[in-house]
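Listed below, chain by chain, are the residues.
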Amino acid sequence: MGRVLSGIRPTGRLHLGHYFGALRNWVEFQNECECYYMSADWHALTTDYADTSKLDENTLEMVADWITVGIDPEKSVLFKQSKVLQHSELFLVLSMITPLSWLQRCPTYKEQINEIKNKDLNNYGFLGYPILMSADILLYKADIVPVGKDQLSHLELTREIARRFNNFYGNILVEPQEKLTKAARVPGLDGRKMSKSYGNSILLGESDDILKDKVKNMFTDPLKIKKDDSGHPHGCVVFAFHEIFNKECKKREKECEVGAIGCVACKKQLMEMLSEFMKPLTEKRKDLIADKAYLENVIDTGSQKAVEIAQETMREVRRALKF
Ligand code: TRP
Ligand code: SF4
């Protein structure tokens, strides 16, 4: 039985992209592994240091989302990074041994520095983001880290940092392996990647009214105007969702191509499937959100369990450093 660790920054409510991209895997790991799932609130500070007012509320909402989709606090340890001070201690130690060049060449760093223009990212913590992530993983001696493709360079770096530590001080840290999610690609309403910052997402627990509006606004094949026009399902957002939710999506593909169905009917059917998928989630989520005390208790209990493991590792680390 391996140990799994993963985390998400608490930046707001989760959407279908999170579910099909990551959370579905998280749920499955629970039966095979010892799982640690973390709200990475210190990580959120690396870019959003100027406004911390929503962090705690976002963590609560996110944990509610996790439980909604089937992550079970009785099976997995759900915790908040900032409640486990050992993350910051290991981060400090690893910062000492990580060459700056390893951080500067990180593709995520270069990309975000170039792309994110509305925030000042010339802070030391932002450059150090991957070291904090390494600390998160190495602290729990996690074997497996389920992440999206965009995080692969961070996993590689984590292994390099672990090797360097072990070379200097003795064999203590464990090199983790990534587990890529066989992600069904979930597009946003406009066909770009589903992302909160694009405003094109479908949230977990969305109400029927909002779902209806969102499906109505989904991009379709612009060349298919009349219902018997032949269409191009590949590239149509509605069809991408049929591929996820409709067992008979092959049939739909043909129907679209030969002009046997119109977009209005096609959307209506998707709406029904989405609504059926979402309904139990929406109800469960509503109950969870109404019980803040329960959510807080889950986080406190999980964070205490996390501290126990983190303390063990840090004891070994300190001994290895001769402190
Ligand atoms: N960097 C991850 C992301 O942006 C979040 C994260 C923080 C994480 N610490 C982690 C993921 C540890 C896996 C393991 O998605
Ligand atoms: Fe897309 Fe369906 Fe319209 Fe074809 S019929 S273009 S799959 S919405």
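Look up: the structure comes first, before these words.
Residues numbered from 1 in each chain as written. Chains lettered and ligands numbered in written order. Predicted model: local features only at pLDDT ≥ 70, side-chain atom pairs only at ≥ 80, totals over all residues. Heavy atoms only, no water.

Draft legend 1. Summary view of the pattern of salt bridges. For the coordinates displayed, the defined rule picks out 20 salt bridges. Of the charged contacts in the structure, one is a salt bridge between Glu 253 and Lys 250, with a shortest N-O distance of 3.4 Å. Of this pair, Glu 253 and Lys 250 both sit in helix H12 (residues 249-258), three residues apart, which is roughly one turn of that helix. (Salt bridge = Lys/Arg side-chain N within 4 Å of Asp/Glu carboxyl O. Helix = DSSP H or I, 4+ residues; strand = E, 2+ residues; numbered from the N terminus.)

Draft legend 2. Representation of the site of ligand 1 in the model. Taken together, 14 residues lie near ligand 1, and Arg 9, Tyr 129, Met 133, Asp 136 and Gln 151 sit nearest. Within the side chain of Arg 9, a nitrogen or oxygen atom sits 3.2 Å from an oxygen atom of ligand 1. At 2.9 Å, a side-chain N or O of Gln 151 approaches a nitrogen atom of ligand 1. Computed on the free molecule, ligand 1 has an accessible area of 360 Å², of which 91% lies beneath the protein chains in the complex. (Near = heavy atom within 4 Å. Polar contact = N/O pair within 3.5 Å; in protein donor to acceptor, adjacent residues only side chain to side chain. Areas by Shrake-Rupley, 256 points an atom, 1.4 Å probe, with all protein chains shown as cover.)

Draft legend 3. Representation of the packing of aromatic side chains. Scanning the entire structure with this criterion turns up 13 aromatic pairs. Centroid distance Trp 26 to Tyr 37: 4.2 Å. Interplanar angle 5 degrees. Geometry classified as stacked. With Trp 26 in helix H1 (residues 16-29) and Tyr 37 in strand E2 (residues 34-39), this residue pair connects regions lying 11 residues apart in the sequence. Summarising the burial analysis for this pair, Trp 26 and Tyr 37 share the class buried. For the pair Tyr 109 and Phe 126, a centre-to-centre distance of 5.6 Å together with 35 degrees between the ring planes defines the contact as tilted. Here the residue Tyr 109 occupies a position in helix H6 (residues 107-115), and Phe 126 occupies one in helix H7 (residues 124-127), the gap between them amounting to 17 residues. In terms of burial, Tyr 109 and Phe 126 fall into one category: buried. Members of the aromatic cluster, joined through ring pairs, are Tyr 19, Phe 20, Phe 241, Phe 245 and Phe 277. Residue placement shows Arg 164 over the ring face of Trp 102; its charged tip is 5.7 Å from the ring centre. When the ring centre of Tyr 198 is taken as reference, the NZ or CZ atom of Arg 192 above it lies at 3.9 Å. (Phe/Tyr/Trp six-rings, centres within 6.5 Å; stacked < 30°, edge-to-face > 60°. Buried < 20%, exposed > 50% of the residue type's maximum accessible area, 1.4 Å probe, protein only. Lys NZ or Arg CZ within 6 Å of the ring centre and 35° of its normal.)

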